[in-house]
Amino acid sequence: MAFRDPDTEKKLLILISKGDEKAFQSLFTSYYGQLFNYILSIVKSKQVAEELVMDVFLKIWLGKEIIPRIEKFNAFIFRVAHNKSIDFLRSVARDPKFQDLLWEQIQLSNNNHADSVMMAREYEAKLREAVSLLSPQKKKIYQMSREENMTHDEIAVQLNLSKHTVNNHIVEAQRFIRAYLTKNCDMAFLLALSFGIMAG
């Protein structure tokens, strides 16, 4: 727990500003649990939350000389935690490589591995919306591949298309669906689903 006595915390912050590692460890122990739970509520991933908590304390240690001048340290450290969490979500939203990984994890998953039935249903609903917006041919090919588990060769023969054409349609459909989900699903939800899958 964080310190209830402001004077005790103030003295600790002064010691930390002078490089006292034991005092810093005491601060770390006092705040770690609360910060971890707070960040976890935002990013929905234990692994990411652990890393971001360490980032918060690293920021505190690197700026230790000025922390005694912070009037409300409790509010300050949680603001740092909030900013770190939001920065992480924004970086994820801008990172195509992470989005690709996220998409692959979701596509390869079984919905039973999701954090909850409600989460799985929300994902399925958004996925159906995205598929419904595909062109008729892309939609048909995508469904034959994903829902009927047909190979590209089988689809090509049945629709009298080249295998190359089938492959292109599936790649384009996946790209559209991935972009649609990234845009229309809350990033924290996608992270929670992805990490829930990976942990399952």
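A short tour of the structure in this document, coming up.

This part is about the packing of aromatic side chains. Scanning the entire structure with this criterion turns up 10 aromatic pairs. On the basis of an interplanar angle of 40° and a centroid distance of 5.2 Å, the ring pair of phenylalanine 28 and tyrosine 32 is categorised as tilted. Linking phenylalanine 28 with tyrosine 32, this pair stays in helix 2 (residues 21-43), spanning 4 residues, or about one helical turn. Given a relative accessible area of 18%, phenylalanine 28 falls into the buried group. The rings of Phe24, Phe28, Tyr32, Phe36, Phe57 and Trp61 are connected pair by pair, giving a single aromatic cluster. In this structure, lysine 64 is placed above the aromatic ring of tryptophan 61, and the distance from its NZ or CZ to the ring centre is 4.3 Å.

Unlike most non-glycine residues, asparagine 149 shows phi in positive territory, near 55°. Located in the positive-phi region is asparagine 160, a residue other than glycine, with phi close to 55°. Of note, asparagine 160 is situated in the loop between helix 8 (152-159) and helix 9 (163-184).

This paragraph deals with the nonpolar core. Considering soluble globular proteins, one finds that nonpolar side chains tend to be buried as a cluster. Of all hydrophobic cores here, the largest spans 29 residues; its most connected members are Leu35, Val43 and Ile77. Among the elements of the structure, helix 1 (6-17), helix 2, helix 3 (46-62) and helix 4 (73-94) are those that each provide at least two residues to this core. Examining the composition of this core, we find that 10 residues originate from one element, helix 2, more than from any other. The contacts of isoleucine 77, once residues within four sequence positions are left out, are Tyr31, Leu35, Val56, Phe57 and Ile60.

So, about the layout of surface pockets. Taken as a whole, the second largest pocket spans an internal volume of roughly 150 Å³. Around the second largest pocket sit 11 residues that line it, and Pro6, Glu9, Lys10, Glu71 and Phe73 are the ones nearest its centre. Secondary structure elements with two or more residues in the lining of the second largest pocket: helix 1 and helix 4. Broken down by element, the residue count for the lining of the second largest pocket peaks at 5 residues, all from helix 1. By residue class, the composition of the lining of the second largest pocket is 5 nonpolar, 1 polar and 5 charged.

Two elements in contact, helix 2 and helix 3, have axes whose closest approach is 8 Å; the angle formed by their N-to-C orientations is 140°. In terms of their interaxial angle, helix 2 and helix 3 are classed as oblique. Seen along the crossing, helix 2 lies across helix 3 with a hand that is right-handed. Judged by residue contacts, Glu21, Phe24, Leu27, Phe28, Tyr31, Tyr32, Leu35, Phe36, Ile39, Leu40 and Val43 of helix 2 engage Lys46, Val48, Ala49, Glu50, Leu52, Val53, Met54, Val56, Phe57, Ile60 and Trp61 from helix 3. Along the lines of polarity and charge, the residues of the contact of helix 2 with helix 3 split into 19 nonpolar, no polar and 3 charged.

Turning to helix 2, a few remarks are in order. Every α-helical turn comprises 3.6 residues, leaving residues that sit three or four positions apart pointing alike. Taking the largest bend as the criterion, helix 2 deviates by roughly 45°, centred on tyrosine 31. Three or more residues of helix 2 are buried, namely Ala23, Phe24, Leu27, Phe28, Ser30, Tyr31, Leu35, Phe36, Ile39, Ile42 and Val43. N-cap assignment for helix 2: the residue whose side-chain oxygen lies 3.0 Å from the backbone N of lysine 22 is aspartate 20.

Analysis parameters
- Residues numbered from 1 in each chain as written.
- Predicted model: local features only at pLDDT ≥ 70, side-chain atom pairs only at ≥ 80, totals over all residues.
- Heavy atoms only, no water.
- Phe/Tyr/Trp six-rings, centres within 6.5 Å; stacked < 30°, edge-to-face > 60°.
- Helix = DSSP H or I, 4+ residues; strand = E, 2+ residues; numbered from the N terminus.
- Buried < 20%, exposed > 50% of the residue type's maximum accessible area, 1.4 Å probe, protein only.
- Lys NZ or Arg CZ within 6 Å of the ring centre and 35° of its normal.
- Core = buried A, V, L, I, M, F, W, Y, C linked by side-chain atoms within 4.5 Å.
- Contact = heavy atoms within 4.5 Å.
- 1 Å grid on protein atoms, 1.4 Å probe; cavity = no way out; pocket = protein on both sides within 12 Å on 5 of 7 lines; lining within 4 Å.
- Points joined across faces, edges and corners; volume = space filled by probe spheres on them.
- Nonpolar A, V, L, I, M, F, W, Y, C, P; charged D, E, K, R; others polar.
- Axes fitted to C-alpha atoms, helices over the stretch in contact; angles between N-to-C directions.
- Parallel < 35°, antiparallel > 145°, perpendicular 65-115°, else oblique.
- Left-handed = near helix turned anticlockwise from the far one by under 90°.
- Bend = angle between axes of the 7 residues up to and from the residue.
- Polar contact = N/O pair within 3.5 Å; in protein donor to acceptor, adjacent residues only side chain to side chain.

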